[in-house]
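# Structural overview for review
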Amino acid sequence: MNFRIGLGFDAHEFEKGKTLKLGGVSIDFPEGLKGHSDGDALLHSITDAILGAIGEQDIGEVFPDNDPRWKDADSVIFLKEALKRMESKGYRIVNIDCVIITERPKIAPYKEAIKKNLSELLQVPIQNISLKGKRREGLCKENGLACFCTVLLSHEG
Ligand code: MG
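In this text, all values refer to a predicted model and were calculated from it rather than measured experimentally. (Residues numbered from 1 in each chain as written. Predicted model: local features only at pLDDT ≥ 70, side-chain atom pairs only at ≥ 80, totals over all residues. Heavy atoms only, no water.)

Let us now look at unusual backbone geometry. With an omega of -10°, the peptide bond between R104 and P105 qualifies as cis. Position of P105 among the secondary structure elements: in the loop between β5 (91–101) and α4 (111–122). (Helix = DSSP H or I, 4+ residues; strand = E, 2+ residues; numbered from the N terminus.)

Right, here's the structure in full:
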């Protein structure tokens, strides 16, 4: 099989007194995302998309939230583990497509910085990384945000 596709989803509530991180980038916003780790829902959705594409367990199974090692952990650790597993199976990322669903903060001012950081973390050209900020248009509560990510992998061999 030469190609694999993966889908990731994650949602976190806002929490006061925490730094908001999305895609490994700190965002100027009064609230962060609640969670055992740093709460970076975008990195969590990308990690889950990669793990899904290679047929591994999901992020919550690989990094249980009752494990003290992951308390306030930088979510880059989770992403790097997923990348390591992907590489060990001989795959590389072709492209990723992500959506952040939230009314606030506005994603547009951070889009390029997040894409640049993802490009470095994933070792994927920036033109193969898509990031969209979408508003929920009245659906669901506004006390958090959600992210979707799809990833396409190709086998090196
Ligand atoms: Mg999460």
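Continuing now.
Under the counting rule described, the total for this entry stands at five aromatic pairs. Plain terms: the ring middles of F14 and F29 are 5.4 Å apart, the flat faces sit at 50° to each other, and that makes the pair tilted. Of the two residues, F14 sits in strand β1 (residues 3–16) while F29 sits in the loop between β3 (25–27) and β4 (31–33), which places them 15 residues apart along the sequence. A single burial state applies to F14 and to F29, both of which are buried. Their ring planes at 90° and their centres at 4.9 Å tell us that F63 and W70 sit as a pair that is edge-to-face. What makes F63 buried here is its relative accessible area of 9%. You can call W70 buried: its relative accessible area is 12%. By the ring-pair criterion, three or more aromatic residues cluster together here, those being F63, W70 and F78. (Phe/Tyr/Trp six-rings, centres within 6.5 Å; stacked < 30°, edge-to-face > 60°. Buried < 20%, exposed > 50% of the residue type's maximum accessible area, 1.4 Å probe, protein only.)

A separate point is helix α3 (residues 76–88). The periodicity of an α-helix, 3.6 residues per turn, causes residues three or four places apart in sequence to face the same way. For α3, built from 13 residues, the straight-helix expectation of 18 Å at 1.5 Å per residue is met to within 8% by its first-to-last C-alpha distance of 18 Å. If you check which residues of α3 are buried, you get V76, F78, L79, E81, A82, L83 and M86. Those residues of α3 that are buried lie in contact with α1 (41–53), α2 (59–62), β5, α4 and β7 (144–155). Of the residues trailing α3, G90 is marked for its positive phi of about 85°. (Expected span 1.5 Å × (residues − 1). Contact = heavy atoms within 4.5 Å.)

Using the criterion set out here, one finds twelve salt bridges in the structure. The salt bridge partner of D72 is K71, with a shortest N-O separation of 3.7 Å. Between E103 and R136 there is a salt bridge, and its shortest N-O distance comes to 3.6 Å. Residue E103 is found in the loop between β5 and α4, and its partner R136 is found in the loop between β6 (129–134) and β7; the two are separated by 33 residues along the sequence. Judged by relative accessible area, which is 10%, R136 ranks as buried. Look at the salt bridges and you will find they share partners, linking E56, E81, K84, R85 and K89 into a network. (Salt bridge = Lys/Arg side-chain N within 4 Å of Asp/Glu carboxyl O.)

This part covers a nonpolar patch on the surface. On the surface, L7, F9 and F148 cluster together into a nonpolar patch covering about 310 Å² of accessible area. Take F9: it is sitting in strand β1. The partly exposed category is assigned to F9, whose relative accessible area is 44%. (Patch = residues over 30% accessible without salt bridge, like charges linked within 9 Å, V, L, I, M, F, W, Y side chains within 5 Å. Areas by Shrake-Rupley, 256 points an atom, 1.4 Å probe, with all protein chains shown as cover.)

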